[in-house]
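Topology and contacts: notes
Listed below are the residues making up each chain.
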Amino acid sequence: RILFRHLNHFFGKGKFKSEHKRRAFFAGSDFPPVIDRLVLADKTIIDYWYKEPHLMILHQVNNIISKEQMEGLTHVDMSVGGDHGGGKFRMTLKILFRFHESPTLSRLFQIASVCHSKDDTEILAATVLNPIGESLRQITVGGRFIVHDDDSDSLTVRFNLNVSSY
């Protein structure tokens, strides 16, 4: 307890009162990732996790945008990027909701992490790039990003005009 008291005194009080509020602040953390590990031939263990973007958006749409903010929405832009540094590869997804007269609404999500000291594309493909790439294909193949309210008074998302594909 003394150590925690000193850390609290040195770093100050935490910004968040609970873990749930902290996760809500860092959008997307409430959507559970796929967690796995890869064991290489030399017995190196690579821990990794990823969130499939299409499922995360379906799950998080009500946390990203509200029904009131939907007024004047013109289009949605998405960007995905990754970087290797500090012994890890991290991948993020940025969603931009563009409005006719209102400012752009932007949300950033971490969608993957691979704990490996080398920047090796074969390992990245075997761990996170292939499933995330397939998930992004499901978003782009339909050519649409349709957000609408459903019967339960919440927002839902479809990525194509075919309702039966979900």
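Scroll up a little and you will see the structure.
To keep things clear, this report deals only with the structure shown in the data block. Position labels on residues start from 1 in each chain and follow its written sequence. Only residues with pLDDT of 70 or above have their local features reported here, since the model is predicted, and side-chain atom pairs are shown and tallied only from 80 upward, although totals for entire chains, interfaces and linings are computed over all residues. Side-chain descriptors were evaluated using all non-hydrogen atoms of the structure, hydrogens and water having been removed beforehand.

1. Some words on the environment of Val 80
- Secondary structure follows DSSP: runs of H or I at least 4 residues long count as helices, runs of E at least 2 residues long count as strands, and numbering of each begins at the N terminus. By the element assignment, Val 80 lies in strand β3 (residues 73–85).
- We classify Val 80 as partly exposed; its relative accessible area is 32%.
- Sequence-wise, Val 80 and Pro 53 are 27 residues apart; in three dimensions their C-alpha atoms are separated by 9.7 Å.
- With residues near it in sequence (within four places) discarded, Val 80 still touches Met 91, Thr 92, Leu 93, Ile 111 and Leu 136. The buried label goes to any residue with under 20% of its type's maximum accessible area, the exposed label to any with over 50%, and the partly exposed label to all in between, with areas taken from a 1.4 Å probe on protein chains only. Residues are treated as being in contact if the distance between any of their heavy atoms lies within 4.5 Å.

2. A word on the packing of helix α3 (residues 53–64) against helix α4 (residues 121–141)
- An axis is simply a line fitted to the C-alpha atoms; with a helix, the fit covers only the stretch in contact. Between two such axes, the angle follows the N-to-C directions and lies from 0 to 180 degrees. Across the interface, α3 lies against α4 with an axial gap of 7 Å and an inter-helix angle of 60 degrees. Overall, the two elements α3 and α4 adopt an arrangement that is oblique. In this structure, α3 contributes Pro 53, His 54 and Ile 57 to the contact, and α4 contributes Ile 132, Ser 135, Leu 136, Gln 138 and Ile 139.
- Residue polarity follows a fixed list, in which Ala, Val, Leu, Ile, Met, Phe, Trp, Tyr, Cys and Pro are nonpolar, Asp, Glu, Lys and Arg are charged, and the others, Gly among them, are polar. When the residues that make up the contact of α3 with α4 are grouped by side-chain class, the tally is 5 nonpolar, 3 polar and no charged. The cut-offs work like this: below 35 degrees is roughly parallel, past 145 is roughly antiparallel, 65 to 115 is roughly perpendicular, and the gaps in between are oblique.

Take it as geometry only, folks, not as evidence of what the structure does.
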